[in-house]
Amino acid sequence: MSVLWWLVPPLAATCLAMGWAAWVGRDREEVRRDDSAEAMARMKRALERTPPRRGKPVVSAPQERSHGVAIRGLARRPSSGSRVAR
């Protein structure tokens, strides 16, 4: 029976972690929320405002489809029959 005492520290840590997660995830008071019309108008103004653009627009090349397997390009690899002069 005394061999099972090694289970107590992990069990205690798990219970503490569950208690902490429950405490952090609890419902908060509604006082922190600002659902007033003024707050909504401020949010609308902030979302409508466009940031100034700087530099050139980035044009991205179309991405190749990934198959999950690395394939080396055949053009870079010399064929097995030819010799490379050095």
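Residues numbered from 1 in each chain as written. Predicted model: local features only at pLDDT ≥ 70, side-chain atom pairs only at ≥ 80, totals over all residues. Heavy atoms only, no water.

Trainee: Which residues make up the overall build of the chain, and what values do they have?
Mentor: Scanning the chain from terminus to terminus reveals two helices and zero strands. Across the 86 residues that make up the chain, the buried fraction comes to 1%. By element, 60% of the accessible surface of the chain is carried by carbon and sulfur atoms, the whole surface being about 9800 Å². (Helix = DSSP H or I, 4+ residues; strand = E, 2+ residues; numbered from the N terminus. Buried < 20%, exposed > 50% of the residue type's maximum accessible area, 1.4 Å probe, protein only. Areas by Shrake-Rupley, 256 points an atom, 1.4 Å probe, with all protein chains shown as cover.)

Trainee: Please give an account of a nonpolar patch on the surface that cites residues and values.
Mentor: Nonpolar side chains collect at one region of the surface, where Met 1, Val 3, Leu 4, Trp 6 and Leu 7 lie side by side and expose about 620 Å² of accessible area between them. With respect to the element layout, Leu 7 can be found in the segment before helix 1 (8-24). (Patch = residues over 30% accessible without salt bridge, like charges linked within 9 Å, V, L, I, M, F, W, Y side chains within 5 Å. Salt bridge = Lys/Arg side-chain N within 4 Å of Asp/Glu carboxyl O.)

Trainee: Could you give me a rundown of the pattern of salt bridges, with the residues and numbers involved?
Mentor: Using the criterion set out here, one finds one salt bridge in the structure. Between Arg 42 and Glu 38 there is a salt bridge; the shortest N-O distance is 3.3 Å. One end of the pair, Arg 42, and the other, Glu 38, are both in helix 2 (residues 37-48), four residues apart, so they sit about a helical turn from each other. Relative accessible area serves as the criterion here: at 56%, Glu 38 is assigned to the exposed category.

Trainee: Tell me about the packing of aromatic side chains, and please be specific about residues and values.
Mentor: Counting across every chain of the model gives zero aromatic pairs. The lysine or arginine in question, Arg 26, covers the ring of Trp 23, its NZ or CZ lying 4.0 Å from the ring centre. (Phe/Tyr/Trp six-rings, centres within 6.5 Å; stacked < 30°, edge-to-face > 60°. Lys NZ or Arg CZ within 6 Å of the ring centre and 35° of its normal.)

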